[in-house]
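Coordinates in review
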Amino acid sequence: MASSPSHSRNNNDIRTINHLRHVDSMATMPSGAGKIPRLNAVILGEALATEENDLVFPTDEFSQQAHVPSPQKYLEMYKRSIEDPAGFWSEIASQFYWKQKWDDSVYSENLDVSKGRVNIEWFKGGITNICYNCLDKNVEAGLGDKIALYWEGNDTGFDDSLTYSQLLHKVCQLANYLKDMGVQKGDAVVIYLPMLLELPITMLACARIGAVHSVVFAGFSAESLSQRIIDCKPKVVITCNAVKRGPKIIHLKDIVDAALVESAKTGVPIDTCLVYENQLAMKRDITKWQDGRDIWWQDVIPKYPTECAVEWVDAEDPLFLLYTSGSTGKPKGVLHTTGGYMVYTATTFKYAFDYKPSDVYWCTADCGWITGHSYVTYGPLLNGASCIVFEGAPNYPDSGRCWDIVDKYKVTIFYTAPTLVRSLMRDGDEYVTRYSRKSLRILGSVGEPINPSAWRWFYNVVGDSRCPISDTWWQTETGGFMITPLPGAWPQKPGSATFPFFGVKPVIVDEKGVEIEGECSGYLCVKGSWPGAFRTLYGDHERYETTYFKPFTGYYFTGDGCSRDKDGYHWLTGRVDDVINVSGHRIGTAEVESALVSHPKCAEAAVVGIEHEVKGQAIYAFVTLVEGEPYSEELRKSLILSVRKQIGAFAAPERIHWAPGLPKTRSGKIMRRILRKIASGQLDELGDTSTLADPNVVEQLISLSNC
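Residues numbered from 1 in each chain as written. Predicted model: local features only at pLDDT ≥ 70, side-chain atom pairs only at ≥ 80, totals over all residues. Heavy atoms only, no water.

Things to note about the overall build of the protein chain
Of regular secondary structure, the protein chain possesses 22 helices and 33 strands. Computed over its C-alpha atoms, the radius of gyration of the protein chain comes to 25 Å, within 12% of the 27 Å expected for a compact globule of 707 residues. Across its three principal axes, the protein chain shows a C-alpha extent of roughly 70 × 70 × 60 Å. Across the 707 residues in the protein chain, those meeting the buried criterion constitute 63%. If you take every contact in the protein chain between residues at least 6 apart in sequence, the share linking residues at least 24 apart comes to 72%. (Helix = DSSP H or I, 4+ residues; strand = E, 2+ residues; numbered from the N terminus. Rg over C-alpha atoms; globule rule 2.2 N^0.38 Å. Buried < 20%, exposed > 50% of the residue type's maximum accessible area, 1.4 Å probe, protein only. Contact = heavy atoms within 4.5 Å.)

Next up, the structure:
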């Protein structure tokens, strides 16, 4: 179904307009939100947010200077964005450089599997390049001497920076090298780098020549890395010899070597492995080496010219692949294209952080995840921002490191994960209050819903009760923010993602896929497309449709639960599928189960998520051993090591619970509901167990709870 301004709205679109009622009612209220029982308003900077004071307003001064200064302005822009998406987005897209403008139809979409192949296209026919818009365009606009990237090393006292001109030169040198290695438009390049300046440089160099980058988080195991290499068959793999994470040295090159052995066995040999010598972690003379394949970055890249012609690409040409955990064992290669992603990440960055040219921005995320793509590299640079890249651990050498960095660079916008907030909160206020933090203007939260108590601590202690919090909800698949506060526009409720971003039509549906109006809870879906939406799963469009569009016909299904209160505020309630969110990392239960069962002494495993004070969720594994194997602490450690080795340390189970058997229905389905209750100690809420093939299993599991 093609959509453009000239098309009349169908019935679905009319229902979409109706959902504005949740927002419309607020426009007539003097405060911008309805009365909330037993809650008092808090003006930023004047009082503390407490359990009793849950509605937090921006100051008049802040609002007056904001891009979106009022609920009325938000409503005006939001209404236009969903009633005339083609006009709204083409106006914004025109602010970027296009070698050639897009076709007459700004976008076309079909999200309804019953009407044929799911398809989303934005600005098709438009010819552009995201690297050009990030770098060349800013240099031409006079920002060549502005700092693009500050780099802060793992150890204090080690730092660096690149201006927009310097960054452009380094990107061009690497791009020229990649072209010499035979990398062409559409070829994949796998990047396994920590947070060095070379990571965003490599992403941008790939984008400059039309290559498709696939960044793999430098915490994944050799097996996980090889899976991704085998799937996308890259021309080149780029890594470094080692990295320091806190006091620990991680030998990344050894992991890559093992991964390349595995990929070669399956018929995917890699001829070129470019290795950056990270001297602060490891010298080159003790780095394992394979002549003919391995090449030192420092030996070749500086010799290349600092100019490189841009490969102009169609808006719908692929930009990057990013693998994310699914509810089955195989990672999903989420594919984002160029034009829509560029326009959407830049726009969400600008409005959700109320970005101004004088801001210094720091997102603590790693570029191995979508947050590092959209809000460390592309979003900030498209806006000409100065951004911090931090190599180290946020609590090293102590829990004051974040605020030391904030003061050092005069950070104005600080964007991090609830996991870090909870961890720092647990370590005590004194690590925060010993630093000034006066430069901070906006705080942000990403990766999972932030619990209200952590929100209040972040707001009261870190932000001195004066910084709005952009509590963003979005996903790898969405490319950018979907539901987020706009600082200056809306009063905030601690823990709520508030309202949809421009052009986003969230709906809450029941189990039958029927939209629920007003105050409700249910499954969060999105109606219609938006420019930043992913276009497919690499090499598996059928899985793309089955996972995201078949559960509720006509909608994109997020996999998340959501509540909407009577004031229209959205509250995310977490995953409803078999994905666990540990410290913002989405981990499929099937992946962990598969890693456990690969252990020779494990017969069966079932994994569930439990609440965790710091991580948000933790992995709790029920393990059935092969017949005759005794339980032991050594075996428990060996099982955890198996997961660490196959997936990565971040996926290691918090707890192994010995299980002589698992609660199954007569058809053999594991009753995870019961396992979740046992894992979280809710033994009086087990519910009906009569449908189990062997109800006695439950008693056995409970008796082994403390073993």
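There is more to say after this.
A few points about the sheet that holds strand β25 (residues 520–526)
Strand order in the open sheet formed by four strands is β24-β25-β27-β28, with antiparallel pairing between adjacent strands. Among the strands making up the open sheet, the edge pair consists of β24 (506–509) and β28 (570–575). Within the sheet, the average angular offset between the axes of one strand and its neighbour, ignoring direction, is 45°. When β24 meets β25, the two strands line up antiparallel, connected through four bridges. (Pairing = 2+ DSSP bridges. Axes fitted to C-alpha atoms, helices over the stretch in contact; angles between N-to-C directions.)

Section: unusual backbone geometry
Generally, phi is negative for residues other than glycine and the peptide bonds are trans, each holding for most cases. Look at the link from Tyr-396 to Pro-397: it is a cis peptide, with omega at 5°. Unlike most non-glycine residues, Phe-123 shows phi in positive territory, near 60°. Note that Phe-123 resides in the loop between β5 (119–122) and β6 (127–128). Of note, the phi angle at Arg-437 is positive, near 60°, even though the residue is not glycine. Take Arg-437: it is sitting in the loop between α16 (430–433) and β22 (442–445).

Focus: empty space enclosed by the protein
Here the structure, examined in full by the defined rule, presents nine cavities of 30 Å³ or more. Approximately 80 Å³ is the volume attributed to the largest cavity. In terms of lining residues, the largest cavity is bounded by Ser-81, Ile-82, Pro-85, Trp-89, Tyr-107, Glu-109, Trp-122, Gly-503, Lys-505, Gly-528 and Ser-529. Mapped by element, the contributors of at least two residues to the lining of the largest cavity are α4 (71–83), α5 (85–93) and β4 (107–110). (1 Å grid on protein atoms, 1.4 Å probe; cavity = no way out; pocket = protein on both sides within 12 Å on 5 of 7 lines; lining within 4 Å. Points joined across faces, edges and corners; volume = space filled by probe spheres on them.)

A closer look at the sheet that holds strand β21 (residues 413–416)
Here seven strands make up an open sheet; going across it, the order is β8-β7-β20-β19-β21-β22-β23 and the pairing mixed. Edge strands, defined here as strands with exactly one partner in the open sheet, are β8 (159–163) and β23 (469–471). Adjacent strand axes in the sheet meet at a mean angle of 20°, parallel and antiparallel pairs treated alike. As defined by bridge partners, strand β19 (residues 360–363) adjoins strand β20 (residues 386–390) across three bridges and the pair is classed as parallel. Residue pairing across strands places Val-360 opposite Ser-386, the latter belonging to β20.

A look at the domain arrangement of the protein chain
Taken domain by domain, the protein chain holds domain 1 (93–490 + 500–564) and domain 2 (575–704). Measuring from the centre of the C-alpha atoms in domain 1 to the corresponding centre in domain 2 gives 31 Å. Taken residue by residue, the interface counts 31 residues in domain 1 and 26 residues in domain 2. With both sides pooled, the region where domain 1 packs onto domain 2 buries about 2100 Å², and carbon together with sulfur makes up 49% of that total. Only α9 (222–232), α15 (418–427) and β27 (556–564) provide two or more residues apiece to the side of domain 1 that touches domain 2. Looking at the side of domain 1 that touches domain 2, the element that brings in the most residues is β27, giving five residues. The class makeup of the residues in the side of domain 1 that touches domain 2 is seven nonpolar, 16 polar and eight charged. (Domains from an automatic or database assignment. Buried area = accessible area lost by both parts, 1.4 Å probe. Nonpolar A, V, L, I, M, F, W, Y, C, P; charged D, E, K, R; others polar.)

What about the pattern of salt bridges?
Scanning the entire structure with this criterion turns up 34 salt bridges. Between Asp-159 and Lys-408 there is a salt bridge whose closest N-O contact spans 2.6 Å. On the criterion of sequence distance, the pair formed by Asp-159 in strand β8 and Lys-408 in helix α14 (residues 401–409) is long-range, its members being 249 residues apart. Residue Lys-408 is classed as partly exposed on the basis of its relative accessible area, which comes to 38%. Ionic pairing is found between Arg-441 and Asp-359, a salt bridge with its closest N-O pair at 2.8 Å. Of this pair, Arg-441 sits in the loop between α16 and β22 while Asp-359 sits in the loop between α12 (339–352) and β19, and the two are 82 residues apart along the sequence. On the basis of relative accessible area, Asp-359 is assigned to the buried category, the value being 3%. Through salt bridges with shared partners, one network takes in Glu-152, Asp-159, Arg-401 and Lys-408. (Salt bridge = Lys/Arg side-chain N within 4 Å of Asp/Glu carboxyl O.)

Details of the pairing of β27
Of all the nine residues making up β27, nine are buried; the element is thus mostly covered by neighbouring parts of the structure. Relative to β27, β25 is paired through six bridges, and the arrangement is antiparallel. Bridged to Gly-522 within β27 is Cys-562. The pairing of β27 with β28 spans five bridges and is classified as antiparallel. Along β28, the bridge assignment pairs Gly-561 with Gly-574. Once β27 ends, the chain turns through five residues before running back antiparallel as β28, passing Gly-568 with a positive phi of about 90°.

Quick word on the environment of Ile-413
Residue placement: Ile-413 occurs in strand β21. Between the C-alpha atom of Ile-413 and that of Leu-440, which follows or precedes it by 27 residues, the distance is 6.0 Å. Beyond its immediate chain neighbours, meaning those up to four positions away, Ile-413 contacts Phe-353, Tyr-355, Asp-359, Val-360, Tyr-361, Trp-362, Arg-441 and Ile-442.

Examining the side chain of Arg-672
Tracing the backbone through its elements, the reader meets Arg-672 in helix α21 (residues 672–679). Residue classification places Arg-672 among the buried residues on the basis of a relative accessible area of 18%. When near neighbours in sequence (up to four residues on either side) are disregarded, Arg-672 contacts Asp-578, Glu-593, Ala-606, Val-607 and Val-608.

A short note on the packing of aromatic side chains
Within this structure, the stated rule accounts for 63 aromatic pairs. Both rings, one in Tyr-132 and one in Trp-312, keep their centres 5.2 Å apart while their planes meet at 55°; by these two values the pair is tilted. One end of the pair, Tyr-132, is in helix α6 (residues 130–143); the other, Trp-312, is in the loop between α11 (297–300) and β16 (313–314), with 180 residues separating them in the sequence. Taking relative accessible area as the criterion, Tyr-132 reaches 12% and is therefore assigned buried. A relative accessible area of 23% places Trp-312 in the partly exposed class. Taken together, the aromatic side chains of Tyr-74, Tyr-78, Phe-88, Trp-89, Tyr-344, Tyr-351, Trp-490, Phe-499, Phe-501, Phe-502 and Tyr-569 make up a single cluster linked through ring pairs. Arg-228 extends its terminal NZ or CZ atom over the ring of Phe-220, reaching a point 4.3 Å from the ring centre. Across from the ring centre of Tyr-569, 4.4 Å away, lies the NZ or CZ of Lys-493, which sits over that ring. (Phe/Tyr/Trp six-rings, centres within 6.5 Å; stacked < 30°, edge-to-face > 60°. Lys NZ or Arg CZ within 6 Å of the ring centre and 35° of its normal.)

Focus on the UniProt feature "domain: Acetyl-coenzyme A synthetase N-terminal" (unreviewed entry) in the protein chain
Sites flagged by UniProt as "domain: Acetyl-coenzyme A synthetase N-terminal" (unreviewed entry) map to residues 74–134. Here residues 74–134 is 39% helix and 16% strand, with 27 Å between the C-alpha atoms at its ends. (UniProt positions renumbered as here; feature names shortened; annotations may be inferred.)

Notes on the nonpolar core
Counting 176 residues, the largest nonpolar core has Phe-123, Leu-167, Leu-178, Tyr-378, Phe-502, Leu-596 and Val-623 as its most contacted members. By residue number, the principal contributor to this core is helix α7 (residues 164–180), which donates nine residues. Two domains each put at least three residues into this core: domain 1 (93–490 + 500–564) and domain 2 (575–704). Among residues more than four places away in sequence, those in contact with Phe-502 are Val-68, Tyr-74, Met-77, Tyr-78, Ser-81, Phe-88, Trp-89, Tyr-344, Tyr-351 and Leu-486. (Core = buried A, V, L, I, M, F, W, Y, C linked by side-chain atoms within 4.5 Å.)

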